[in-house]
Amino acid sequence: MGTPPRTAIRYAAALLAALALPGCSNSAPRAAPASSSPSPTPSSPAQICTALVSYWAKETLKGTKWSGLDWEQKGLSNDQYAIHEEAVAAGRAEAAIHGQDKGLEAIDRLVAQRCTEQNGATWSSENWRPPQ
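Student: When you look at the pattern of salt bridges in this model, what are you seeing that I'm missing?
Tutor: Pairs can form between side chains of opposite charge whenever their charged atoms are close. As enumerated under the stated definition, the model contains five salt bridges in all. With a shortest N-O distance of 3.1 Å, Lys 58 and Asp 108 are connected by a salt bridge. Taken as a pair, Lys 58 in helix α2 (residues 45-62) and Asp 108 in helix α4 (residues 100-117) lie far apart in primary sequence, 50 residues in all. A relative accessible area of 32% places Asp 108 in the partly exposed class. Notably, a salt bridge pairs Glu 59 with Lys 62, separated by 3.5 Å at the nearest N-O pair. Of this pair, Glu 59 and Lys 62 both sit in helix α2, three residues apart, which is roughly one turn of that helix. Residue class for Lys 62 comes out partly exposed when judged on its relative accessible area of 43%.

Structure (structure tokens):
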């Protein structure tokens, strides 16, 4: 059969070197130390809605690079999109009078209220329709 090709020899040498590196072992990884803090509780639909809609409404008010995405790309349901549009309008009105920081605060307040009232507003996004 002859001698093996040089690439096979190089591959074998690299593999042997990697296995011989300090810290490499065939044993199972050690378990992470136990955490003393309690595991986080799952977020409610209203909390998820508030975080998602607030984020995108504030991005729109600030005019960031990603603010122009459509409702689907933002991961919003029909009802969340309606809340988004209402919050952006309220934020713009507040920002025009009292500055952008107050506009962002207005968005947070309105979105939290609407998402709580609608228990997350997570209904289906089938047959999309523009908010009324």
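Student: Looking at this structure, I do not really get the side chain of Ser 54. What am I missing?
Tutor: Structurally, the position occupied by Ser 54 is in helix α2. Residue Ser 54 is classed as buried on the basis of its relative accessible area of 5%.

Student: Any chance you could explain the nonpolar core here in plain terms?
Tutor: Of all hydrophobic cores here, the largest spans 18 residues; its most connected members are Cys 49, Val 53, Ile 83, Ala 87, Ile 107, Val 111 and Cys 115. Ala 87 has contacts with Ala 57, Ile 107, Leu 110 and Val 111, leaving out every residue within four places of it along the chain.

Student: Hey, could you run me through α4 in this one?
Tutor: Since there are 3.6 residues in each turn of an α-helix, residues three or four apart along the chain are aligned in direction. Between its first and last C-alpha atoms α4 spans 26 Å; for 18 residues at 1.5 Å apiece the expected length is 26 Å, and the two agree. By the burial criterion, the buried members of α4 are Gly 103, Leu 104, Ala 106, Ile 107, Leu 110, Val 111, Arg 114 and Cys 115. With its buried residues spanning 155° around the axis, α4 presents them on a single face. Of the exposed residues in α4, those oriented more than 90 degrees away from the buried face are Asp 101, Arg 109 and Thr 116. Just beyond α4, the residue with positive phi is Asn 119, at close to 50°.

Student: Explanation requested: the environment of Pro 45 in the structure shown.
Tutor: Its location among the elements puts Pro 45 in helix α2. The class of Pro 45 is partly exposed, set by a relative accessible area of 37%. With 70 residues separating them along the chain, Pro 45 and Cys 115 place their C-alpha atoms 8.2 Å apart. Each residue touching Pro 45, except ones within four places of it in the same chain, is listed here: Asn 119 and Gly 120.

Rules and cut-offs
Numbering of residues starts from 1 in each chain and follows the order in which that chain's sequence is written. For this predicted model, a pLDDT threshold of at least 70 governs which residues receive local features, and a threshold of 80 or more governs which side-chain atom pairs are given and counted, while totals over whole chains, interfaces and linings are taken from all residues. For the side-chain quantities, the full set of heavy atoms in the structure was used; hydrogens and water were omitted. The salt bridge definition used is simple: a Lys or Arg side-chain nitrogen within 4 Å of an Asp or Glu carboxyl oxygen. Secondary structure follows DSSP: runs of H or I at least 4 residues long count as helices, runs of E at least 2 residues long count as strands, and numbering of each begins at the N terminus. Note on classification: 1.4 Å probe, protein chains only; a residue is buried when its accessible area is under 20% of the maximum for its type, exposed when over 50%, partly exposed between these limits. To form a nonpolar core, buried Ala, Val, Leu, Ile, Met, Phe, Trp, Tyr and Cys residues must be joined to one another through side-chain atoms within 4.5 Å. Two residues form a contact once any of their heavy atoms are found within 4.5 Å. Each residue after the first adds 1.5 Å to the expected span of a helix. The arc in question is traced by the directions running from the helix axis to the C-beta atoms.

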